[in-house]
Amino acid sequence: MSAKKIRNTVFGEYSKKILLLGIGMLCFLLSVIYQSRAGYVRLAVNNYFSLMLFFVIAILNAFNIYEYVHACSGGRKNFSFCDLIEFFAYTFFSCGFFNVVLFPLSGIGFMEIVVMLMYLLGSTFAQGMRTKKVRFTGASPARTLIFGFVLFILKLFVFYLVDENIYNQFAEGNNTLRYVVFGLSIFAALSIVRHVSKIGKANLEIEATKSSGKKFDAKNFFLAGCKAVGSAVKKTVTFVLSIFSGWVGIVILVVAGLLIFGIGIFAFDKFFNDIMKVVEPLLKKLLSTGEYLVNPGMLYTAAQFSALMIFTGFVFWLNKSCEANIENRCEEILENYVLNGKDFSSCDRLDLKERAVKEICGEKNELKKIALVSDRDEMEKFVKALPAPLDSEK
């Protein structure tokens, strides 16, 4: 290839990536634009912590997209400045998308960010693979798009039907619901204690085994202690009842019972209030929607939906491009390497190539599809396993 052609090719690649970066930045800007009450057009970028969190998950998503795109095209070689522009473009696209579909940074918004981090990290590690050409496939942006649409519908549903704080709206002043929350909190606390005690018991057994050579049975030790305490209480009650008899004893028992019942109610009420003093502020924070942080208006709504449509169009274009790259890569390997072997010299190579391309490109498992177009040996095995054409069977 001449120097002029190489220069034109490189320039063409740079121009495409810069155009992609421009569209990605437009998607991001549309996701943060709004109109103030005074009528001025503003950008919602004053909350730096929120913006930083959105960019963190956007970088993770951009990494997945970048690796997926290059895995579909046969694997990347050396990271260049052109690749850096491409990565920045994917980051701005992703940040714009998450700004639209996720709640603002509130209780629910923070929980959504944690869930999205877990989802993206899970995609990153779950999609890992090793072949001769591709070490990692990233994750298809279509999956993130579908997941984001689900979150966006949830956001619209909550904003339309619920006030800024879900707990204040439904639980404040509702004693029944507060008792339910109290019960769930106690259950959660007991579950945590149970799991911690299991760990502690295991450690005690290990230490006891190391020191004495005998296994320490924490359960029997606890039961023995309870039996000893119960026996002491029983003896005390029997002694008290032996002192009082007749109507005097009955009156004393009734008064004592009422006192114990009253003290129990008082103790429970105090315990309930003490627990709820800790739980309720936390739930109020976690169940805040951040609806008041949004600047409603025609410009904001139009800009948000425009950003969402841009990202959707970008994902569809990217998927089509990746499918075309896989198909081209598949045809190239089949024509230049696999079907040139002696094992296929007596076959109708054109028919075999068409059937192999159709089968590979129609594969639903993305990992398997990318692995096939990145490994000649695997593709050769796949072609050999194809059923014979109908004509030859006849």
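Conventions we followed
- Residues numbered from 1 in each chain as written.
- Predicted model: local features only at pLDDT ≥ 70, side-chain atom pairs only at ≥ 80, totals over all residues.
- Heavy atoms only, no water.
- Helix = DSSP H or I, 4+ residues; strand = E, 2+ residues; numbered from the N terminus.
- Buried < 20%, exposed > 50% of the residue type's maximum accessible area, 1.4 Å probe, protein only.
- Contact = heavy atoms within 4.5 Å.
- Areas by Shrake-Rupley, 256 points an atom, 1.4 Å probe, with all protein chains shown as cover.
- Patch = residues over 30% accessible without salt bridge, like charges linked within 9 Å, V, L, I, M, F, W, Y side chains within 5 Å.
- Salt bridge = Lys/Arg side-chain N within 4 Å of Asp/Glu carboxyl O.
- Phe/Tyr/Trp six-rings, centres within 6.5 Å; stacked < 30°, edge-to-face > 60°.
- Axes fitted to C-alpha atoms, helices over the stretch in contact; angles between N-to-C directions.
- Parallel < 35°, antiparallel > 145°, perpendicular 65-115°, else oblique.
- Left-handed = near helix turned anticlockwise from the far one by under 90°.
- Nonpolar A, V, L, I, M, F, W, Y, C, P; charged D, E, K, R; others polar.
- Core = buried A, V, L, I, M, F, W, Y, C linked by side-chain atoms within 4.5 Å.
- Expected span 1.5 Å × (residues − 1).
- 1 Å grid on protein atoms, 1.4 Å probe; cavity = no way out; pocket = protein on both sides within 12 Å on 5 of 7 lines; lining within 4 Å.
- Points joined across faces, edges and corners; volume = space filled by probe spheres on them.
- pLDDT = per-residue confidence, 0-100.

### Here we look at the overall build of the protein
- Check the secondary structure of the protein and you find 14 helices and 2 strands.
- Relative to its 394 residues, the protein shows a buried fraction of 36%.
- Looking at the protein alone, contacts between residues at least 24 apart form 76% of all its contacts between residues at least 6 apart.
- Of the roughly 24800 Å² of accessible surface on the protein, a fraction of 67% belongs to carbon and sulfur atoms.

### Focus: a nonpolar patch on the surface
- On the surface, a nonpolar cluster with roughly 280 Å² of combined accessible area is contributed by Phe 49, Met 52 and Val 56.
- With respect to the helices and strands, the residue Met 52 is situated in helix 2 (residues 48-72).
- Look at Met 52 and you get partly exposed, because its relative accessible area is 45%.

### Digging into the packing of aromatic side chains
- A full pass over the atoms with the stated rule returns 13 aromatic pairs.
- Seen from their ring centres, Phe 152 and Phe 305 are 5.8 Å apart, and the 80 degrees between their planes marks the pair as edge-to-face. Residue Phe 152 is located in helix 5 (residues 141-161), and its partner Phe 305 is located in helix 10 (residues 298-336); the two are separated by 153 residues in the primary sequence.
- Assessed through its relative accessible area of 8%, Phe 152 is described here as buried.
- One aromatic cluster is present, formed by Tyr 90, Phe 93, Phe 97, Phe 98, Phe 311, Phe 314 and Trp 317 through successive ring pairs.

### Brief notes about the environment of Glu 112
- The residue Glu 112 is located in helix 4 (residues 107-126) in this model.
- Relative accessible area serves as the criterion here: at 7%, Glu 112 is assigned to the buried category.
- Between the alpha carbons of Glu 112 and Leu 151 there is a distance of 8.6 Å; along the sequence they are 39 residues apart.
- With sequence-adjacent residues up to four places away left out, Glu 112 is seen in contact with Leu 102, Phe 103, Leu 151 and Leu 154.

### So, the pattern of salt bridges
- For the structure shown, the criterion picks out 1 salt bridge.
- Here Lys 17 makes a salt bridge to Glu 86, at a shortest N to O gap of 3.4 Å. Highlighted residues: Lys 17 in helix 1 (residues 3-32) and Glu 86 in helix 3 (residues 81-101), separated in sequence by 69 residues.

### So, the packing of helix 3 against helix 10
- Two numbers describe how helix 3 lies on helix 10: the axes approach to 9 Å, and their chain directions differ by 135 degrees. The angle between the axes of helix 3 and helix 10 places the two elements in the oblique class. For the pair helix 3 and helix 10, the sense of crossing is left-handed. Residues Tyr 90, Phe 93, Ser 94, Phe 97, Asn 99, Val 100 and Val 101 of helix 3 form the contact with helix 10, whose own contacting residues are Gln 304, Ala 307, Leu 308, Ile 310, Phe 311, Phe 314 and Leu 318.
- Residue composition of the contact of helix 3 with helix 10, by class: 11 nonpolar, 3 polar and no charged.

### What about the nonpolar core?
- Core analysis: the biggest nonpolar cluster contains 63 residues, and Tyr 90, Phe 98, Leu 102 and Phe 314 have the highest contact counts within it.
- Counting residues per element, this core draws most heavily on helix 2, at 13 residues.
- Those residues within four positions of Leu 102 in sequence are excluded, and the remaining contacts are Phe 54, Ile 57, Glu 112, Ile 113, Met 116, Leu 151 and Lys 155.
- Within the second largest apolar cluster, 8 residues are counted, among which are Phe 103, Phe 159, Val 162 and Val 294.

### Digging into the packing of helix 10 against helix 13 (residues 376-384)
- Taken N-terminus to C-terminus, the directions of helix 10 and helix 13 make an angle of 80 degrees; their axes are 11 Å apart at the nearest point. Relative to helix 13, the element helix 10 lies roughly perpendicular. Counted together, Cys 330, Ile 333 and Leu 334 of helix 10 and Arg 376, Met 379 and Val 383 of helix 13 form the full contact between these two elements.

### Comments concerning helix 2
- A rise of 1.5 Å per residue sets the reference length of helix 2, with its 25 residues, at 36 Å; its end C-alpha atoms lie 36 Å apart and thus fit the reference within 8%.
- In terms of burial, helix 2 is largely enclosed, as 18 of its 25 residues are buried.

### Notes on the layout of surface pockets
- Volume-wise, the second largest pocket comes out at about 460 Å³.
- Lining the second largest pocket are 22 residues; nearest its centre among them are Ala 44, Ser 50, Asn 99, Pro 104 and Leu 293.
- For the lining of the second largest pocket, the secondary structure elements donating two or more residues are helix 1, strand 1 (33-35), helix 2 and helix 10.
- Ranked by the residues each element gives to the lining of the second largest pocket, the list is headed by helix 2, at 3 residues.
- Considered class by class, the residues forming the lining of the second largest pocket number 14 nonpolar, 7 polar and 1 charged.

### Thoughts on helix 3
- Taking 1.5 Å per residue as the helical rise, helix 3 with its 21 residues ought to reach 30 Å, and the 31 Å between its terminal C-alpha atoms agrees with that figure.
- Within helix 3, 18 of the 21 residues are buried, leaving the element largely enclosed by the surrounding structure.

### Things to note about the confidence of the model for the protein
- In the predicted model, the protein carries a mean pLDDT of 75, and the fraction of residues at 70 or more is 68%.
- Confidence, expressed as mean pLDDT per element, reaches its minimum in the protein at helix 14 (residues 390-393) with 47 and its maximum at helix 3 with 91.
- Scored below 50 in pLDDT, residues 128-132 shows 15 contacts in the model against residues more than four places distant or in partner chains.

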